[in-house]
Amino acid sequence: MTDIQQLYDKLDSSRGTLLTRLYDYAELTIPGILPRTGYTQTSELPVPYSSMPSRGITRLAARMVSALYPMNDVPFFELSLDLPINPSQGTDPKKAYEVLGRIERRVMDKLSLTNLRSALYTAMQHIITLGDCLLEVTDDYTFAVHRVDNYVIRRRPDGEWWDIIVRIPVDPYNLPNALLDAGFENKKDEGQDRFTTDDGEEYCIYEHVVRDGDGCYCVREYDGRVYATYEYEACPFVPLGWNHIPGEDYHRGLVEENYADIKAIDGLSEALLDAVAANAEFRFGVNPAGLTEIADIANSENGSFVPAAPNDVFPIQIQNQASVSAIQASVATKEQALGQIFLLNSASQPTGERVTATQVRIIASELEQALGGVFGAVSREFQRPIIRRVMLMMVRDGSLVPEGNGPSEEMEKALLDDGSVLRIEVRSGLAALNRELENEKMLQIMQVVGQMPPQATEVIDFTNMLERFLQTFGIETAGIIKSQQQLQQEQMAQGQAQVAQSGAEAAAIQAGQQPQGMTDGTQ
């Protein structure tokens, strides 16, 4: 056993109580999100008595994904310049904003081809239920989610992490290409358990990640041997969490914060099912001293006459509807309370065919307040590192700007330098509405400008205003707005056409004014 695996086992054993709690949270909500140790694909998962917590988690996770990564094509981040651009130094601010807008759209186009949305949905389910998960951005733009039982993490008291050890189970009979390239060979089937060693341990890759600013240093080992070391200037691992407790390495999830209600709903739902089943069962009792024959009743047809006494046959049933109603009322009360926590109430949903910007702001404000500012924490932990990592990879593979020239080197330097003028501003939560508000303001300005006299409108650059307006919608302005060269060519063509038309009109007028008979020199 190597030092990395020993350190992982040591840190993993110290959180045994934590994992036990997380297993309990998963069993009452989404059992498959964190199965207990020893689970295989043929094992049966526990089934909770109420699916309401599961619906709440999936609904809330979907809402968070929609807020963090909208379905429309508008970028959820914005590139800006920290310092004002001075045109006297040869920089055109209009051109700079146009280039930044193209970069935003190109990054969004790249992300739309990846599995980011599905990985983000899984990650949101994990942090809501368990409190933590680890998101990895691989070199081929693939997003992987690591469960909390497959990695250990250490944080400083302020919550910033400084090292992570990831455990990645592998199939020893079908090793990844990275291990095969490092000299490892696939094992032959010898009739033993395919995924465990002779000691009962899984075949795993252990990767130790040590943070260095925004970058990290990684060491990977397998089967007791270090086979690769990497150094990243933008760390590919992004640990996500729900609610951080100062001094702790792991977060607390929303399920843990409301575990009492979730456990109560499960217990009440079980009692409700038992009570309803007991009330639904019935038997027929027969008076042994009566005159009625059971065979006469059993063999008779519906509506026929049978000799019987009034009290010889009677139904046997619990008939405790009051108990069922009381349990139903308790379940409804708990479900309503949890519905507010998981935002299942229709009060926060738009009901009209068209939703105004004021309604959208109210809805977003309710989400922000209900989640306790979790949008800001997630944007800090997830969106900015992901965008920075993806942009740096795109710069280096030449898919963002041409590789090996000045713009490529300047972009890479700006992404790596925290003090550069290039800033990545995340648009999540209420901040995601900034672009819509900017659109409304620009529309209002256009209406006001339209009512101004011509002398006032001469100082406004309408082309730049229109470009900024279209860029807020994520629309490429190239091919829509005419360039200055096109405008000059059209003006020249119009001027030439006017000169030609004026010459033709002058010639026609001159020909009409010439006296008849002047052609032969006589009157």
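The sections below set out a description of the structure shown in this document. (Residues numbered from 1 in each chain as written. Predicted model: local features only at pLDDT ≥ 70, side-chain atom pairs only at ≥ 80, totals over all residues. Heavy atoms only, no water.)

**So, the packing of helix α8 (residues 259–280) against helix α10 (residues 321–341)**
Item 1. Where α8 contacts α10, the two axes come as close as 9 Å, and the packing angle between them is 155°. Put simply, α8 runs roughly antiparallel to α10. At the point where α8 passes α10, the crossing takes the left-handed sense. Each of Asp261, Ile262, Ala264, Ile265, Leu268, Ser269, Ala271, Leu272, Ala275, Val276 and Asn279 in α8 lies in contact with α10, whose residues at this interface are Gln321, Val324, Ile327, Gln328, Ser330, Val331, Lys334, Glu335 and Leu338.
Item 2. Grouping the amino acids of the contact of α8 with α10 by side-chain chemistry returns 12 nonpolar, 5 polar and 3 charged. (Axes fitted to C-alpha atoms, helices over the stretch in contact; angles between N-to-C directions. Helix = DSSP H or I, 4+ residues; strand = E, 2+ residues; numbered from the N terminus. Parallel < 35°, antiparallel > 145°, perpendicular 65-115°, else oblique. Left-handed = near helix turned anticlockwise from the far one by under 90°. Contact = heavy atoms within 4.5 Å. Nonpolar A, V, L, I, M, F, W, Y, C, P; charged D, E, K, R; others polar.)

**Thoughts on the pairing of strand β12 (residues 422–426)**
Item 1. Along β12, the buried face is formed by Leu422, Ile424 and Val426; none of Arg423 and Glu425, which line the opposite face, is buried.
Item 2. Two strands pair when backbone bridges link them, and strand β1 (residues 77–81) and β12 are joined in this way by 5 bridges, in the antiparallel orientation. Note that in β12 the partner of Leu79 across the bridge is Ile424. (Buried < 20%, exposed > 50% of the residue type's maximum accessible area, 1.4 Å probe, protein only. Pairing = 2+ DSSP bridges.)

**Concerning the sheet that holds strand β9 (residues 237–241)**
Item 1. If you walk across this open sheet you meet the 3 strands as β3-β2-β9, and the pairing is antiparallel. Either end of the sheet is taken by a strand with one partner, and the two such strands are β3 (143–146) and β9. If you compare each strand with its neighbour and ignore which way they point, the axes differ by 25° on average.
Item 2. When strand β2 (residues 132–137) meets β9, the two strands line up antiparallel, connected through 5 bridges.

**Quick notes on the nonpolar core**
Item 1. Val107, Leu111, Met124, Ile128 and Met391 are the most contacted members of the largest nonpolar core, which totals 91 residues.
Item 2. No other element matches helix α12 (residues 374–396), which puts 11 residues into this core.
Item 3. Aside from chain neighbours lying at most four places away, what touches Ile128 is Ile57, Leu60, Ala61, Met64, Trp242, Gly253, Leu254, Val255 and Phe342.
Item 4. If you look at the next biggest cluster of nonpolar residues, it comprises 9 residues, including Leu179, Phe184, Tyr203 and Ala228. (Core = buried A, V, L, I, M, F, W, Y, C linked by side-chain atoms within 4.5 Å.)

**Brief notes about the packing of aromatic side chains**
Item 1. Using the criterion set out here, one finds 6 aromatic pairs in the structure.
Item 2. A centroid spacing of 5.5 Å and a plane angle of 65° characterise the contact between Tyr8 and Tyr206, whose relative ring orientation is edge-to-face. Of the two residues, Tyr8 sits in helix α1 (residues 3–13) while Tyr206 sits in strand β6 (residues 204–212), which places them 198 residues apart along the sequence.
Item 3. Classification of Tyr206 by relative accessible area gives buried; the value is 8%. (Phe/Tyr/Trp six-rings, centres within 6.5 Å; stacked < 30°, edge-to-face > 60°.)

**Quick word on the environment of Asp214**
Item 1. Looking at where Asp214 falls in the secondary structure, it is placed in the loop between β6 and β7 (215–222).
Item 2. Asp214 sits in the partly exposed class, given a relative accessible area of 36%.
Item 3. Separated by 18 residues in the primary sequence, Asp214 and Tyr232 place their C-alpha atoms 8.7 Å from one another.

**Some details on the side chain of Glu207**
Item 1. With respect to the element layout, Glu207 can be found in strand β6.
Item 2. Glu207 sits in the buried class, given a relative accessible area of 2%.
Item 3. A polar contact is formed between the side chain of Glu207 and the side chain of Arg220, at a distance of 2.9 Å.
Item 4. Setting aside residues up to four positions removed in sequence, Glu207 forms contacts with Ile164, Ile165, Val166, Ile168, Cys218, Val219, Arg220 and Phe237. (Polar contact = N/O pair within 3.5 Å; in protein donor to acceptor, adjacent residues only side chain to side chain.)

**Let's talk about the side chain of Asn258**
Item 1. Secondary-structure assignment places Asn258 in the loop between α7 (254–257) and α8.
Item 2. Not counting chain neighbours up to four residues away, the residues in contact with Asn258 comprise Leu338 and Ile341.

**Let's talk about the sheet that holds strand β8 (residues 225–232)**
Item 1. Reading across from one edge, β4-β5-β6-β7-β8 is the order of the 5 strands in this open sheet, with antiparallel pairing throughout. Two strands bound the open sheet, and with one partner strand each, they are β4 (151–155) and β8. The average angle at which neighbouring strand axes cross in this sheet is 15°, direction not considered.
Item 2. Pairing of β4 with strand β5 (residues 161–169), which is carried by 5 bridges, proceeds in the antiparallel orientation. Directly across from Arg154, in β5, lies its bridge partner Asp163.
Item 3. Sitting on the sheet, α1 is in contact with β4, β5, β6 and β7, with an inclination near 75° to β4.

**What about the environment of Asn150?**
Item 1. Topologically, Asn150 is positioned in the loop between β3 and β4.
Item 2. For the pair formed by Asn150 and Val166, sequence separation is 16 residues and the distance between their alpha carbons is 6.1 Å.
Item 3. Not counting residues within four places of it along the chain, the set of residues in contact with Asn150 comprises Tyr8, Arg15, Ile165, Val166 and Arg167.

**Here we look at the environment of Val401**
Item 1. Following the sequence through the fold, Val401 ends up in the loop between α12 and α13 (406–416).
Item 2. Exposure remark for Val401: the relative accessible area of 11% places this residue in the buried category.
Item 3. Sequence separation of Val401 and Ile103 is 298 residues, and the distance between their C-alpha atoms is 8.5 Å.

**Concerning a nonpolar patch on the surface**
Item 1. Residues Phe282, Phe284, Val286, Ile294, Ile297 and Val313 make up a contiguous nonpolar surface patch of about 540 Å² in total accessible area.
Item 2. Counting residues per element, the ones that place at least two in the nonpolar patch are β10 (282–286) and α9 (294–299).
Item 3. Of all the elements, β10 adds the most residues to the nonpolar patch, at 3 residues.
Item 4. Relative to the elements of secondary structure, Val313 occurs in strand β11 (residues 313–317). (Patch = residues over 30% accessible without salt bridge, like charges linked within 9 Å, V, L, I, M, F, W, Y side chains within 5 Å. Areas by Shrake-Rupley, 256 points an atom, 1.4 Å probe, with all protein chains shown as cover. Salt bridge = Lys/Arg side-chain N within 4 Å of Asp/Glu carboxyl O.)

**Re the packing of helix α3 (residues 52–68) against helix α5 (residues 116–129)**
Item 1. Look at α3 against α5: their axes get within 9 Å of each other, and the N-to-C directions meet at 130°. The angle between α3 and α5 places the two elements in the oblique class. Between α3 and α5 lies a crossing whose hand is right-handed. Residues Ile57, Thr58, Leu60, Ala61, Ala62, Met64, Val65 and Leu68 of α3 lie in contact with α5, whose contacting residues are Arg117, Leu120, Tyr121, Met124, Gln125, Ile128 and Thr129.
Item 2. Classifying every residue of the contact of α3 with α5 gives 11 nonpolar, 3 polar and 1 charged.

**Some remarks on α10**
Item 1. Along its 21 residues, α10 runs 31 Å from first to last C-alpha, staying within 8% of the 30 Å computed at 1.5 Å per residue.
Item 2. Buried residues of α10: Val324, Ile327, Val331, Leu338 and Gly339, and no others. Take α10 and look down its axis: the buried residues cluster within an arc of 110°, on one side only. Opposite the buried face of α10, at more than 90 degrees from it, the exposed residues are Ala322 and Thr333.
Item 3. Check the buried side of α10 and you find it contacts α3 and α8.
Item 4. Just past α10, the residue Leu343 takes up positive phi, approximately 60°. (Expected span 1.5 Å × (residues − 1). Arc of directions from axis to C-beta.)

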